[in-house]
Amino acid sequence: MRIGYGFDSHEFRPGIALKIGGVTLAHDKGLGGHSDGDVLLHAITDALLGAVAAPDIGALFPPSDPKWKGADSAVFLREALKRVHSAGYSVANIDASLILAAPKIGPHAAGIRARVAQLLGVAADCVGLKAKTPEGLNLDNAAVAHVVVLLEKRGDSKKVGNKTKQRAKKTK
Ligand code: MG
């Protein structure tokens, strides 16, 4: 098994859409950034990349590259997941904590978990999501995400097949 950890933070800015976990939420401000500013998908992406010791999101998708301007952060997550799979692992579960003053995440939690689960190719009960308000932290104009992910080695059916063949030969 492998464990990965990801962290991200973005500042709220007026006049842009708020995207968290691949879901657009109704709010008077959105999260700034070079891409769509999806703080949760960025932290998940870094957790996946970290679990297989791959370069981080900033190295793979540099904010200096105009290609990623306004990009859908699902693109970053899909690339990280591809690297996880080619390293021979699959996602067992993830757990995320969001820290933000507003909007309230509770009413949207099920939708966010479902979308993240869909992107990761896991069941919704493999995606944990908690939201906290930043009490006493003076973080009213920012959103922060912490994510841990657990990966498990995938069973290789080819190898099992080869073993069976070898055993069959020996018996002959
Ligand atoms: Mg980010």
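Since this is a predicted model, take the numbers as computed values, not measurements.

Cut-offs and rules
- Residues numbered from 1 in each chain as written.
- Predicted model: local features only at pLDDT ≥ 70, side-chain atom pairs only at ≥ 80, totals over all residues.
- Heavy atoms only, no water.
- Salt bridge = Lys/Arg side-chain N within 4 Å of Asp/Glu carboxyl O.
- Helix = DSSP H or I, 4+ residues; strand = E, 2+ residues; numbered from the N terminus.
- 1 Å grid on protein atoms, 1.4 Å probe; cavity = no way out; pocket = protein on both sides within 12 Å on 5 of 7 lines; lining within 4 Å.
- Points joined across faces, edges and corners; volume = space filled by probe spheres on them.
- Pairing = 2+ DSSP bridges.
- Axes fitted to C-alpha atoms, helices over the stretch in contact; angles between N-to-C directions.
- Contact = heavy atoms within 4.5 Å.
- Donors = N, O, S within 2.8 Å, 3.2 Å for Na, K, Ca; no water.
- Buried < 20%, exposed > 50% of the residue type's maximum accessible area, 1.4 Å probe, protein only.
- pLDDT = per-residue confidence, 0-100.
- Expected span 1.5 Å × (residues − 1).

**Focus: the pattern of salt bridges**
No. 1: In total, this model carries five salt bridges according to the counting rule given.
No. 2: In this structure, the salt-bridge partner of Lys19 is Asp36, at a minimum N-O distance of 3.2 Å. Of this pair, Lys19 sits in strand 2 (residues 18–20) while Asp36 sits in the loop between strand 4 (29–31) and helix 1 (39–51), placing them 17 residues apart in sequence.
No. 3: Through salt bridges with shared partners, one network takes in Lys19, Asp36 and Asp72.

**Comments concerning the layout of surface pockets**
No. 1: There is about 190 Å³ of room inside the largest pocket.
No. 2: Lining the largest pocket, in full, are His10, Gly33, His34, Ser35, His42, Ile57, Gly58, Phe61, Pro63, Trp68 and Phe76.

**Thoughts on the sheet that holds strand 5 (residues 89–99)**
No. 1: Strand order in the open sheet formed by five strands is 4-1-7-5-6, with mixed pairing between adjacent strands. A strand with exactly one partner marks an edge of an open sheet, and here the two such strands are strand 4 and strand 6 (127–132). Direction aside, neighbouring strands of the sheet carry axes that sit 20° apart on average.
No. 2: Pairing between strand 1 (residues 2–14) and strand 4: three bridges, direction antiparallel. Among the inter-strand pairings, Pro14 is bridged to a residue of strand 4, identified as Lys29.
No. 3: Across the sheet, helix 1 lies against strand 1, strand 4, strand 5, strand 6 and strand 7 (142–153), angled at about 155° from strand 1, the strand it touches most.

**Concerning the coordination of the magnesium ion**
No. 1: Looking at the metal site, the magnesium ion is ligated by Asp8 (OD), His10 (NE2) and His42 (ND1), spaced 2.1 to 2.2 Å from it.
No. 2: Mapping the donors of the magnesium ion onto the primary sequence gives the spacing D-x1-H-x31-H. Comparing Asp8 with His10 shows no difference in burial state: the two are buried.

**A look at the confidence of the model for the protein**
No. 1: Looking at the protein as a whole, the pLDDT averages 91, with 90% of positions reaching at least 70.
No. 2: In this model, residues 159–172 is a region of pLDDT below 50 whose contacts with residues beyond four sequence positions or in other chains number zero contacts.

**Overview of helix 1**
No. 1: Spanning 13 residues, helix 1 covers 19 Å between terminal C-alpha atoms, matching the ideal 18 Å at 1.5 Å per step.
No. 2: Burial runs high along helix 1: 12 of the 13 residues are buried.
No. 3: Positive phi shows up at Ala53, right after helix 1, with a value of about 55°.

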